[in-house]
Amino acid sequence: MGKLKLYFSACLVVFVLCLLQLQFDYSKLWSGLFKLGNTISLMLPPDASQWQYVLSAAIESVQVAIIGTVLAIVCSFFLSFLAASNITPHPALSWAIRGICSLLRSIPTLIWVLIFIVAVGLGPLPGVLAIMIGAIGSLIKVFAQSIEEVDEGVIEALRATGSSWLGIVIQGVLPCALTALLAWCVMRFEGDLAESTILGTVGAGGIGYELSHAMRGYRYDQALFVGIVIFVMVFSVELVANRLKLKMAKRL
Amino acid sequence: MTLLQVEQLKKVYPDGTVGLKGISFELEAGEFVAVIGPSGAGKSTLLRCLNRMVESSSGTITLQGNTITKVKAKQLRAVRRKMGMIFQGYNLVARSTVLTNVLHGRLGYMNSLKGALGLFNKQDTELAKALLNKVGLSEQMYKRADELSGGQQQRVGIARALAQRPALILADEPIASLDPAASQTVMQTLYEACKADGIACLCNLHQVEVAKKFATRIIGIRAGEKVFDGAPEQLTDEMISYIYEGAKHEEAVGRKETA
Ligand SMILES: Nc1ncnc2c1ncn2[C@@H]1O[C@H](COP(=O)(O)OP(=O)(O)OP(=O)(O)O)[C@@H](O)[C@H]1O
Ligand SMILES: [Mg+2]
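Residues numbered from 1 in each chain as written. Chains lettered and ligands numbered in written order. Predicted model: local features only at pLDDT ≥ 70, side-chain atom pairs only at ≥ 80, totals over all residues. Heavy atoms only, no water.

- An unreviewed UniProt entry lists chain B under the name Phosphonates import ATP-binding protein PhnC, with Paenibacillus montaniterrae given as the organism.

- As recorded in an unreviewed UniProt entry, chain A goes by Phosphonate transporter PhnE and comes from Paenibacillus montaniterrae.
- Check the Subcellular location (unreviewed entry) section of the UniProt entry for chain A; it says "Cell membrane".
- Under the UniProt heading Sequence similarities (unreviewed entry), the entry covering chain A gives this text: "Belongs to the binding-protein-dependent transport system permease family." (UniProt positions renumbered as here; feature names shortened; annotations may be inferred.)

### Quick word on the overall build of chain B
For step 1, the next point in the chain: Summing up its helical and strand segments, chain B has 10 helices and 10 strands in all.
For step 2, the next point in the chain: On C-alpha atoms alone, chain B measures out to a radius of gyration of 19 Å, which is about the 18 Å that the 2.2 N^0.38 rule sets for 259 residues.
For step 3, the next point in the chain: C-alpha atoms of chain B, sized along the principal axes, occupy 60 × 40 × 35 Å.
For step 4, the next point in the chain: The burial tally for chain B puts 56% of its 259 residues in the buried class.
For step 5, the next point in the chain: In chain B, of all internal contacts separated by at least 6 residues, the share reaching a separation of at least 24 is 69%.
For step 6, the next point in the chain: Surface summary for chain B: the accessible area is close to 11100 Å², and the carbon and sulfur share equals 50%.
For step 7, the next point in the chain: For chain B, the distance from the average site of its 33 positive side-chain charges to the average site of its 26 negative ones is 9 Å. (Helix = DSSP H or I, 4+ residues; strand = E, 2+ residues; numbered from the N terminus. Rg over C-alpha atoms; globule rule 2.2 N^0.38 Å. Buried < 20%, exposed > 50% of the residue type's maximum accessible area, 1.4 Å probe, protein only. Contact = heavy atoms within 4.5 Å. Areas by Shrake-Rupley, 256 points an atom, 1.4 Å probe, with all protein chains shown as cover. Lys, Arg positive; Asp, Glu negative; His and termini not counted. Charge placed at Lys NZ, Arg CZ, Asp CG, Glu CD.)

### Here we look at the confidence of the model for chain A
For step 1, the next point in the chain: Taken over all residues, the pLDDT of chain A has a mean of 87, while the share at 70 or more is 98%.
For step 2, the next point in the chain: Mean pLDDT across the elements of chain A ranges from a minimum in helix H2 (residues 27-43) of chain A, with 80, to a maximum in helix H7 (residues 152-160) of chain A, with 94. (pLDDT = per-residue confidence, 0-100.)

### A look at helix H1 (residues 2-22) of chain A
Residues and elements named next belong to chain A.
For step 1, the next point in the chain: The end-to-end C-alpha distance of H1 is 31 Å, a good match for the 30 Å that 21 residues give at a rise of 1.5 Å each.
For step 2, the next point in the chain: Little of H1 is tucked away: zero of the 21 residues are buried.
For step 3, the next point in the chain: Phi turns positive one or two residues past the end of H1, at Gln-23, with a value near 45°. (Expected span 1.5 Å × (residues − 1).)

### Some words on the environment of Glu192(B)
Residue and element names in this part refer to chain B.
For step 1, the next point in the chain: Among the secondary structure elements, Glu-192 is positioned in helix H7 (residues 180-197).
For step 2, the next point in the chain: On the basis of relative accessible area, Glu-192 is assigned to the partly exposed category, the value being 45%.
For step 3, the next point in the chain: The sequence separation of Glu-192 and Phe-214 amounts to 22 residues, and the corresponding C-alpha distance is 10.0 Å.

### Thoughts on the pairing of strand S3 (residues 32-36) of chain B
Residue and element names in this part refer to chain B.
For step 1, the next point in the chain: Of all five residues making up S3, five are buried, and the element is well covered by its neighbours.
For step 2, the next point in the chain: A two-sided burial pattern is seen for S3, the buried positions comprising Phe-32, Ala-34 and Ile-36 on one face and Val-33 and Val-35 on the other.
For step 3, the next point in the chain: In this structure, S3 lies alongside strand S8 (residues 200-204), joined through four bridges in parallel fashion. Within S8, the position partnered with Val-33 by the bridge is Leu-202.
For step 4, the next point in the chain: Note: S3 against strand S9 (residues 217-222), four bridges, orientation parallel. (Pairing = 2+ DSSP bridges.)

### Things to note about the UniProt feature "transmembrane region" (unreviewed entry) in chain A
For step 1, the next point in the chain: Those places that UniProt annotates as "transmembrane region" (unreviewed entry) correspond, in this numbering, to residues 7-24, 62-83, 95-119, 125-144, 165-189 and 223-241 of chain A.
For step 2, the next point in the chain: Along residues 165-189 of chain A the backbone is 100% helical and 0% strand, and the end-to-end C-alpha distance reaches 30 Å.

### So, the sheet that holds S3(B)
What links the strands of a sheet is backbone hydrogen bonding, and the strands pair in either a parallel or an antiparallel sense.
Residues and elements named next belong to chain B.
For step 1, the next point in the chain: Taken in spatial order, the six strands make up an open sheet running S6-S7-S8-S3-S9-S10, and their pairing is mixed. Only two strands of the sheet have a single partner each, and these edge strands are strand S6 (83-86) and strand S10 (225-230). Mean inter-strand twist for the sheet, computed between neighbouring axes without regard to direction, equals 15°.
For step 2, the next point in the chain: Set on the sheet, helix H1 (residues 43-50) makes contact with S3, S6, strand S7 (168-172), S8 and S9; between it and S7 the angle comes to about 150°. (Axes fitted to C-alpha atoms, helices over the stretch in contact; angles between N-to-C directions.)

### Some thoughts on the site of ligand 1
Residues and elements named next belong to chain B.
For step 1, the next point in the chain: For ligand 1, the set of nearby residues contains 13 residues, the closest of which are Ser-39, Gly-40, Lys-43, Ser-44 and Thr-45.
For step 2, the next point in the chain: The side chain of Tyr-13 places a nitrogen or oxygen atom 3.3 Å from a nitrogen atom of ligand 1.
For step 3, the next point in the chain: Ala-41 is positioned such that a nitrogen or oxygen atom in its backbone is 3.2 Å from an oxygen atom of ligand 1.
For step 4, the next point in the chain: In the complex, 64% of the free accessible area of ligand 1, which totals 640 Å², lies under the protein chains.
For step 5, the next point in the chain: The residue makeup of the shell around ligand 1, split by class, is three nonpolar, seven polar and three charged. (Near = heavy atom within 4 Å. Polar contact = N/O pair within 3.5 Å; in protein donor to acceptor, adjacent residues only side chain to side chain. Nonpolar A, V, L, I, M, F, W, Y, C, P; charged D, E, K, R; others polar.)

### Considering the pattern of salt bridges
Residues and elements named next belong to chain B.
For step 1, the next point in the chain: One pass over the structure, following the stated rule, counts 14 salt bridges over all chains.
For step 2, the next point in the chain: Between Arg-217 and Glu-31 there is a salt bridge, with the nearest N and O atoms lying 3.1 Å from each other. In this pair, Arg-217 sits in strand S9 while Glu-31 sits in the loop between strand S2 (18-27) and S3, placing the two residues 186 residues apart along the sequence. The same class applies to Arg-217 and to Glu-31, which are both buried.
For step 3, the next point in the chain: Residue Arg-144 pairs with Asp-146 through a salt bridge whose shortest N-O separation is 2.8 Å.
For step 4, the next point in the chain: Residue classification places Arg-144 among the partly exposed positions, given a relative accessible area of 22%.
For step 5, the next point in the chain: Residues joined in a network through salt bridges with shared partners are Glu-31, Arg-217, Lys-226 and Asp-229. (Salt bridge = Lys/Arg side-chain N within 4 Å of Asp/Glu carboxyl O.)

Here it is, written out as structure tokens:
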């Protein structure tokens, strides 16, 4: 109990220090409230006049997400079997892959896209690469987790038949882990779509570019329309994804 | 020729637990040997050392004249496919069909890619179907394995082991999770299949009556040591309580050994 109190007071001190250090001008909160009201009035009604551009950019975002996610799924699928501790051909290999994955995960997608823009220029390609790298980092981790949950007995039984490693993996482990892996893929696609909409704001193609373009031109009504399109897009994918996941859960 | 020769087999687990303290025995083709002993005696360890699922610490295992204690990779696969294994928990691939599960017994004979893709040839499929017929499950062939009852699943396990065309079957408490009726069917199936094809069987059992009923020979293990090896008729009640209860009968049986 005493320890808990200590941690709590330490957190409080840090919080207060941060607050003092940053020296907010609290009067701005008040005036900002009025400005926000003003901005909202500028947003309404949403302006859909640029819909062709917005729509094609939205499609581009979806394409970036699809390609990035699918490439990541393919890579992660093969690597995760090497990373899962229960069937890895060598523990060192498992450690190496896991280490690289944590490294990939620790760098945010927005940073990856900036790196890839430097490397391959503007456009959807750096977006695809950034999404792929981010997704690989997390997919391998969760894939390996699901593979590690496969019943040890099944693996033992197939090993005892004299099966090769590949035979054990594809004939024994994969059928047991398949629905879990598919569920992870669907979930990852949801996340990647949301991410791909943001990537355009830094010049990696897609609907994010339309958003920042409208904002920079103070066309808040157009920006709202873009916002609505993003919302509908992400929301409908989530809806479909939830349906899929429900179906998979039933098949379990 | 002796099918299997085990000499001074010892196993110490990495955490220091002694699983086997030096066990020796021989097995002839077609023998049906029951291994009995209390929980933790080392029965599972013994079976798993034989097909190298567990690496023994010392001693030698000779199968059909070849020492297999140290073989690796391809040869190890060839050794394992000569020994079918049956498990207490059946260990079937739950989401695959019954037929596919039996076909898994052929994986040891196939190259890596063919096996992985499940490209079983016609003879393999015919064999698997015939074996399912033999264990009385041809009706259930295309069902998912987890739709079957425990006793049926264990018979699929037997068919999978038989599909390896093994010289030896290692059965680790095949009936421990089954009710008496299903146990009877499973043991009968296993016994008859082994007898028909001259397959030797090493079967860990908890129930002494079952061991006495089916086995041609019984091996008793206690605390990692072989304390009995003989015909079922020789297994007296004193010997049974010696195997299972230990110390207090030691003097009575006069078998005090120095470990
Ligand atoms: N992987 C392991 N690591 C450490 N010790 C182990 C391991 N597996 C088994 N043991 C120990 O080795 C001894 C023999 O175990 P084993 O499983 O072979 O016994 P058993 O005769 O099969 O028992 P049961 O009838 O309960 O199945 C036990 O003391 C057990 O705790
Ligand atoms: Mg056991």
